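Chain residues, written in single-letter form:
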Amino acid sequence: MECIRKTISGLAIFETPKILRFKSKRIGITNISLQILILTYIVGYGIVWEKRYQTTCPVTSAVITKVKGVVYTNLTGHQQEVGNSSLYERIWDPTDYTFPTPGHENGGFFITTNVIITPNQTRGKCPESLNVEGAVCNADSDCPIGHSLPVGNGVFTGKCVTGQNEINKTCEIYAWCPVELDDPHIHDQRALLEGSENFTVFIKNWIEFVKFGEEYKRKNVLENANVTYIHKCIYNATTDPYCPIFRIGDIVKAARENFSEVAVRGAVFEIEIYWDCNLDRDFLEHCRPQYYFRRMDSPDSLISWNFRTAEYHEENRRTLFKTYGIKFIVKVTGQAGKFNFVPLLINLGSLLGLLGLAAMFCNFLLSSCGKNRHYYNEQKYLAVPPPDERPNDDDDSSEDKSPILADQD
Amino acid sequence: MECIRKTISGLAIFETPKILRFKSKRIGITNISLQILILTYIVGYGIVWEKRYQTTCPVTSAVITKVKGVVYTNLTGHQQEVGNSSLYERIWDPTDYTFPTPGHENGGFFITTNVIITPNQTRGKCPESLNVEGAVCNADSDCPIGHSLPVGNGVFTGKCVTGQNEINKTCEIYAWCPVELDDPHIHDQRALLEGSENFTVFIKNWIEFVKFGEEYKRKNVLENANVTYIHKCIYNATTDPYCPIFRIGDIVKAARENFSEVAVRGAVFEIEIYWDCNLDRDFLEHCRPQYYFRRMDSPDSLISWNFRTAEYHEENRRTLFKTYGIKFIVKVTGQAGKFNFVPLLINLGSLLGLLGLAAMFCNFLLSSCGKNRHYYNEQKYLAVPPPDERPNDDDDSSEDKSPILADQD
Amino acid sequence: MECIRKTISGLAIFETPKILRFKSKRIGITNISLQILILTYIVGYGIVWEKRYQTTCPVTSAVITKVKGVVYTNLTGHQQEVGNSSLYERIWDPTDYTFPTPGHENGGFFITTNVIITPNQTRGKCPESLNVEGAVCNADSDCPIGHSLPVGNGVFTGKCVTGQNEINKTCEIYAWCPVELDDPHIHDQRALLEGSENFTVFIKNWIEFVKFGEEYKRKNVLENANVTYIHKCIYNATTDPYCPIFRIGDIVKAARENFSEVAVRGAVFEIEIYWDCNLDRDFLEHCRPQYYFRRMDSPDSLISWNFRTAEYHEENRRTLFKTYGIKFIVKVTGQAGKFNFVPLLINLGSLLGLLGLAAMFCNFLLSSCGKNRHYYNEQKYLAVPPPDERPNDDDDSSEDKSPILADQD
């Protein structure tokens, strides 16, 4: 009982520092201004503007894309026609021109814009391509058996044979024969599938903010969209910013690039779907996707963006495609924020600490620079003398009984 | 020497504010309670519960999946049988029904549940499908050469020809012919590969916390698992939560969906592997995967989840598959936390700032609301008079020598 | 007017606590040392070293990879030769040995190192493989119609037939026939495509820091690189750390693994491209990629890393490949930091709060442990008596007029 009473009476004491009030327009207003400045900057910008009063949760998402469009190609109009130009007179549908299996990369699709086709390759021996550096030879000794060139198509058989033209001899190689020729039409600066500019892609994006629960789940197709709308609409940043169907040419344009240029040798674009959701406001109304388009590779890239695929018609017979095209990476970013006390308090605590800065600065001004600094220091600071310099008087508990004062009495 | 002595004697001073002790049960206890509240909330919840005394490192991971299971399909039992129903009597193994190349998407796999097969397509001319909006025509003028419909299969040749039935004429197109027919069995609300419910997937997941070093590296197959266990076990949230082999039907069920429904038109599911590792405790014992399953697309989606692939048997002959199925996205999330002084101190510093709040509040109560506020203010605040209002007395360094007091003496 | 004057005169007051100065070498120096320690730790380590004075932006990137190299394989030298060893005498180019469509996974490529080829499979009936657990049977009743084994190749037809050898009977299955045989050469501990050690991969990586604007955009090919350099260079951590072309064998070695070992049964490696960019310094000079290589799967993995693919030569004829190989995951990590006031101030505010800790600690020492603690407490604390214990004297505004003192006078 006694103990509890003591504890309570101990708690019943409120400790607070003795405060001096100095009358000084200059310092008072400096202090207030500094405090307001700090408050405004930290609360206004740091906390309210940057929403540091919220806990955030990054977006969780799934993306599926579906490309639509067909194009009929031929080499008519290209400057140089090649022998097998009939090979390029064909129809292309999404199955033909998208890689890999359409819609399967989580966030990404590829559209072929230019292609070199090498049909009917079989495994065997044939002369290396003249385009490969180091392929030209004079004698068999130039072609060591088993050796292969860094960018070569095969492995040397050890023979030097008549190459693709009558002038130069090249090393014979084990390879898929005949080897691919760099088709002249690729150098025309005009892409074979130029029409792919008009293809469209339907990007379906579902998002969720797992930390905040199941009710915060939505998709980039707005709630009021119906089938008719979805079948007709085309995304437009100003007139139709929530249509999930994009024209390829528009994407390229929005990234400030020229389609016919990038189509020739390929490029990499990023489609960013950005969700910035403030869950303190209405979810469906204020949590909407924004689309950004940018080119990821640099236009002056040393090496163009192409790759080779093949259709294996038989175990030992294939058609090789050297494919140039535009790769689109769909990236979903963003976060949701929701009011929460912990981040607010932690940031506010920091702020209160900072307010001390203003007082420190004014104190420094008064005690070091002001013309009344001596007077200020006298008033503010009290040098307590060492205990041995005073009469050992146990019952004296008041500050004004300090030795100096005693002397003065 | 002199200088060093001075500096040391300067350092030998400890400055501390003069503290007043007011006896007031109400305020004292309010103050203490506020402080305890703030302390408990920030330390208990903000620091201990949210582990803000730790530095964290996100998980680095690799995922490989392998699907197992075979199914034999036929159209028996489906309401409407189609002409080429023998086409659908076949065995399906993982190579046939998974896309893309099995196990190759980092974190993701697809299982075919329904399919429309169009064999022996070749490039040529044929009438457009009646299902395509705008394909029906009366005269050649309805089919401008080179035009293609938004969801059409090809490019108009300029002719209007007898279509797939005898009633309607449709535009002739350059396309892969014959064009795909929307097979009636897809509308039966029963998926062709319903048996895929029993397929299993082995998800191998290796993780690492790069920032904390090589020793924190593990996999989702527990250390005590042996080959026999791995060949037999099936994941079960309650009885076998660490088995890395999942039955497809179980995943769908865990996400609260009905397999036979989603199988007909496809869906997207997410398998989240969550690692929440407290490295201040035993790594192998307490850092274990948790699995969460959720459906990502919305069931009322306007458009079903399908895509087309083809097998190119010859350069100009393919089999087209319109594939419906379930896409699983494997996402590895989580982080490891380890005790570290910097975040602890930064958060504690914030806290100490906040404790000032309690004092500020009590001070406000005492100085503005209490019935003894005048007395309180008198005691707490000392108005220091301007220096010119007092006798210029340089040796007076004690506070009680202020002019007012002098007057009273 | 009156009101404004009053407000201004209110602002013209600077409040500051009364400070006592105790002369004590021990405590003074303890206090200073503690403050310096806290300052050094937080400012030096927490703020300067960990760059908490910067806002950061994670890297946004795109990755494209291109594998080069050809290899000629045969089974000569492998311990046991198999019947169809001619099947393995062939040339492999990137199109043959990389999966999926080369360069298409955003950040990732796969190189085949070992393979089992099963040509000319057709859908039909054949005996289950002896390697499958549970395939052996004595009578038809052991093979229930429609049943399939967990790791089996097909669905039971209901018959028990003579298996692959004359000794054991196995269940007949609907499957792609003949079923795959576990080729003996895989057990030789020597990979078929051992030569893939010399393949090279060109990793093109473009990065951007979206938050900081378009000017902070670059690629992992340095600005001064020309075509000749790019065609010749090979990455080397010490001599050529900015060459974007990597030898496969070097990557495996840098991850401290043995290529010929991992090639036999496959592995998963991670290539991390780390960009740590301080935008307060020169961007092009100081923002450069660093490459890290590590093995992600554990070498003692229970199950090897393989998968099956097929080439469908006709609708009902395929070649099956069981492929073992090395999967490389390219991960781009990093961030850019730029000086910003908000994080600096928030962290500084925290720091000022912490400095209070030093004072609190010294105060505790003086008031509880020092031999002069009574004297210290007397000086520091002033117990203000309750207002009713004193004469109600409204004009007394000085602290030394408290009742206790009055009594002592």
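The rules behind the values
- Residues numbered from 1 in each chain as written.
- Chains lettered and ligands numbered in written order.
- Predicted model: local features only at pLDDT ≥ 70, side-chain atom pairs only at ≥ 80, totals over all residues.
- Helix = DSSP H or I, 4+ residues; strand = E, 2+ residues; numbered from the N terminus.
- Buried ≥ 20, exposed ≤ 12 C-beta atoms within 10 Å, placed from the backbone.
- Contact = placed C-beta atoms within 7 Å.
- Nonpolar A, V, L, I, M, F, W, Y, C, P; charged D, E, K, R; others polar.
- Arc of directions from axis to C-beta.
- Least-squares fit on C-alpha atoms with pLDDT ≥ 70 in both.
- Core = buried A, V, L, I, M, F, W, Y, C linked by C-beta atoms within 7 Å.
- Pairing = 2+ DSSP bridges.
- Axes fitted to C-alpha atoms, helices over the stretch in contact; angles between N-to-C directions.
- Parallel < 35°, antiparallel > 145°, perpendicular 65-115°, else oblique.
- UniProt positions renumbered as here; feature names shortened; annotations may be inferred.
- pLDDT = per-residue confidence, 0-100.

Trainee: Help me get a handle on the overall build of chain A, residues and values and all.
Mentor: Check the secondary structure of chain A and you find ten helices and 18 strands. Every one of the 409 residues in chain A was classed for burial, and the buried ones make up 41%. At a minimum sequence separation of 6, the contacts of chain A that also span at least 24 residues come to 68%.

Trainee: Please set out the interface of chain B and chain A residue by residue, giving values where relevant.
Mentor: At the junction of the two partners, chain B supplies 74 residues and chain A supplies 57 residues. The element best represented in the side of chain B that touches chain A is helix 8 (residues 341-369) of chain B, accounting for eleven residues. When grouped by side-chain class, the residues that make up the side of chain B that touches chain A number 39 nonpolar, 20 polar and 15 charged.

Trainee: Before we move on, can you summarise helix 9 (residues 373-380) of chain A with the specific residues and values?
Mentor: Listed as buried for helix 9 of chain A are Tyr375, Tyr376, Glu378 and Gln379 of chain A. The buried side chains of helix 9 of chain A occupy one side of the element, clustering within an arc of 165° when seen end-on. Of the surrounding elements, those touching the buried residues of helix 9 of chain A are strand 2 (19-23) and helix 8 (341-369) of chain A together with strand 18 (381-384) of chain B.

Trainee: Kindly report on the relation of the copies chain B and chain A, identifying the contributing residues and their values.
Mentor: Look at the two chain copies: a rotation about an axis and a shift along it is all it takes to match them. Each copy of the sequence occupies a distinct position, and chain B is placed on chain A by a rotation of 120° and an axial shift of 0.0 Å, giving an RMSD of 0.2 Å. Overall, the copies show the geometry of a three-fold rotation axis.

Trainee: Account for the nonpolar core, naming residues and giving values.
Mentor: With 218 residues, the main nonpolar core has Phe269 of chain A, Phe269 of chain B together with Phe269 of chain C as its most contacted residues. Apart from residues no more than four positions distant in its own chain, Phe269 of chain B is found in contact with Ile251, Val252, Ala255, Phe293, Arg295, Met296, Ile326 and Phe328 of chain B. In this structure, Ile346 of chain A, Leu345 and Leu351 of chain B together with Leu351 of chain C belong to the second largest nonpolar core, which totals 24 residues.

Trainee: Could you give me a rundown of the sheet that holds strand 1 (residues 13-17) of chain C, with the residues and numbers involved?
Mentor: Across a sheet, paired strands are connected by hydrogen bonds in the backbone, their directions being either parallel or antiparallel. Strand order in the open sheet formed by three strands is 18(B)-2(A)-1(C), with mixed pairing between adjacent strands. Of all the strands in the sheet, just strand 18 of chain B together with strand 1 of chain C have a single pairing partner and so form its edges. Between one strand axis and the next, the sheet turns by 25° as a mean value, whatever way the strands run. Two strands pair when backbone bridges link them, and strand 2 of chain A and strand 1 of chain C are joined in this way by five bridges, in the antiparallel orientation. The residue of strand 1 of chain C that forms the bridge with Arg21 of chain A is Glu15 of chain C.

Trainee: Tell me what's going on with the packing of helix 8 of chain B against helix 9 (residues 373-380) of chain B, and back it up with residues and numbers.
Mentor: All names here are of chain B. Across the interface, helix 8 lies against helix 9 with an axial gap of 6 Å and an inter-helix angle of 120°. Regarding the angle of helix 8 to helix 9, the classification is oblique. Together, Leu366, Ser367, Ser368 and Cys369 of helix 8 and Arg373, Tyr376 and Asn377 of helix 9 make up the contact between the two elements. Classifying every residue of the contact of helix 8 with helix 9 gives three nonpolar, three polar and one charged.

Trainee: Just give me the short version of the UniProt feature "transmembrane region" (unreviewed entry) in chain A, but keep the residues and values in it.
Mentor: Residue and element names in this part refer to chain A. On the UniProt side, "transmembrane region" (unreviewed entry) is annotated at positions that read residues 28-49 and 341-366 here. The span residues 28-49 is 100% helix and 0% strand, and its two end C-alpha atoms sit 29 Å from each other. Span residues 341-366 is 100% helix and 0% strand, its end C-alpha atoms 38 Å apart.

Trainee: Describe in detail the interface of chain C and chain B, supporting the description with residues and values.
Mentor: Each partner contributes residues to the interface: chain C has 74 residues there, and chain B has 58 residues. Sorting elements by how many residues they give to the side of chain C that touches chain B places helix 8 (residues 341-369) of chain C first, with eleven residues. Class assignment for the residues of the side of chain C that touches chain B results in 39 nonpolar, 20 polar and 15 charged. One ladder, built from four bridges, connects strand 2 (residues 19-23) of chain B with strand 18 (residues 381-384) of chain C; its direction is parallel. In the sheet register, Ile19 of chain B faces strand 18 of chain C, and the bridge partner there is Tyr381 of chain C.

Trainee: Help me get a handle on unusual backbone geometry, residues and values and all.
Mentor: All names here are of chain B. The step from Cys177 to Pro178 runs through a cis peptide bond, and the omega angle for that step is -5°. Along the chain, Pro178 falls in the loop between strand 10 (169-177) and strand 11 (200-208). For Arg256, which is not glycine, the phi dihedral falls at a positive 60°. Topologically, Arg256 is positioned in the loop between helix 5 (248-254) and helix 6 (259-265). Judged by the 9 C-beta atoms lying within 10 Å of it, Arg256 is exposed.

Trainee: Can you lay out the pairing of strand 14 (residues 267-278) of chain C for me, pointing to particular residues and giving the numbers?
Mentor: Residues and elements named next belong to chain C. As defined by bridge partners, strand 14 adjoins strand 17 (residues 317-339) across twelve bridges and the pair is classed as parallel. By the bridge assignment for strand 17, Glu270 is matched with Ile329. Where strand 14 and strand 15 (residues 289-295) come together, seven bridges link them in antiparallel fashion. Within the sheet, the bridge partner assigned to Tyr274 lies in strand 15 and is Gln290.

Trainee: Describe the sheet that holds strand 2 of chain B, naming the residues involved and giving the relevant values.
Mentor: Taken together, three strands build an open sheet; the order of strands is 1(A)-2(B)-18(C) and the sheet is mixed. Two strands bound the open sheet, and with one partner strand each, they are strand 1 (13-17) of chain A together with strand 18 of chain C. The mean inter-strand angle of the sheet, taken between neighbouring strand axes irrespective of direction, is 25°.

Trainee: Could you give an account of helix 2 (residues 25-49) of chain A, naming the residues involved and the relevant values?
Mentor: Those residues of helix 2 of chain A that fall on the buried side of the exposure criterion are Ile27, Gly28, Asn31, Ile42, Gly46 and Ile47 of chain A. Two residues or fewer past helix 2 of chain A, Lys51 of chain A is found with a positive phi of approximately 50°.

Trainee: Talk me through the environment of Ser129 of chain B; I want residue IDs and the actual numbers.
Mentor: Residue and element names in this part refer to chain B. Relative to the assigned elements, Ser129 resides in the loop between strand 8 (109-127) and strand 9 (155-162). When the 22 C-beta atoms within 10 Å are taken as the criterion, Ser129 is described as buried. Each residue touching Ser129, except ones within four places of it in the same chain, is listed here: Ala135, Asn153, Gln164, Val179 and Leu181.

Trainee: Before we move on, can you summarise the pairing of strand 11 (residues 200-208) of chain C with the specific residues and values?
Mentor: All names here are of chain C. Counting buried positions along strand 11 gives seven out of nine residues, so the element sits mostly inside the fold. Judged from the nine bridges that link them, strand 4 (residues 60-68) and strand 11 form a sheet pairing that is antiparallel. Its bridge partner being in strand 11, Thr65 is matched across the sheet by Ile203. Here three bridges tie strand 11 to strand 13 (residues 245-247), and the two strands are oriented antiparallel to one another. Its bridge partner lying in strand 13, Phe202 is registered against Ile245. With three bridges connecting them, strand 11 and strand 12 (residues 217-219) associate as antiparallel partners. Pairing of Glu208 across the sheet is with Lys217, part of strand 12.

Trainee: Mind laying out the environment of Ser367 of chain A, listing which residues take part and the relevant values?
Mentor: All names here are of chain A. Along the polypeptide, Ser367 turns up in helix 8. The class of Ser367 is partly exposed, set by 15 C-beta atoms lying within 10 Å. Spatially, the C-alpha atoms of Ser367 and Lys380 are 9.0 Å apart, while their sequence positions differ by 13 residues. With near-sequence residues (within four places) excluded, Ser367 lies in contact with Arg373, Tyr376 and Asn377.

Trainee: How would you sum up the environment of Cys137 of chain C? Please name residues and give values.
Mentor: Residue and element names in this part refer to chain C. Take Cys137: it is sitting in the loop between strand 8 (109-127) and strand 9 (155-162). Accessibility expressed as a C-beta count within 10 Å gives 21 for Cys137, which makes it buried. In this structure the C-alpha to C-alpha distance between Cys137 and Cys287, which are 150 residues apart in sequence, comes to 66 Å. What Cys137 contacts, discounting residues up to four positions off in sequence, is Asp142, Cys143, Cys160, Lys169, Thr170 and Cys171.

Trainee: Got a sec to walk through the confidence of the model for chain A? Specific residues and values, please.
Mentor: Residue and element names in this part refer to chain A. Looking at chain A, pLDDT values average 81 and 86% of them are 70 or higher. Of all the helices and strands in chain A, helix 10 (residues 403-408) carries the lowest mean pLDDT, 34, while helix 5 (residues 248-254) carries the highest, 95. Per-residue pLDDT stays below 50 along residues 391-409; that stretch engages in 21 contacts with residues further than four places along the chain or on separate chains.

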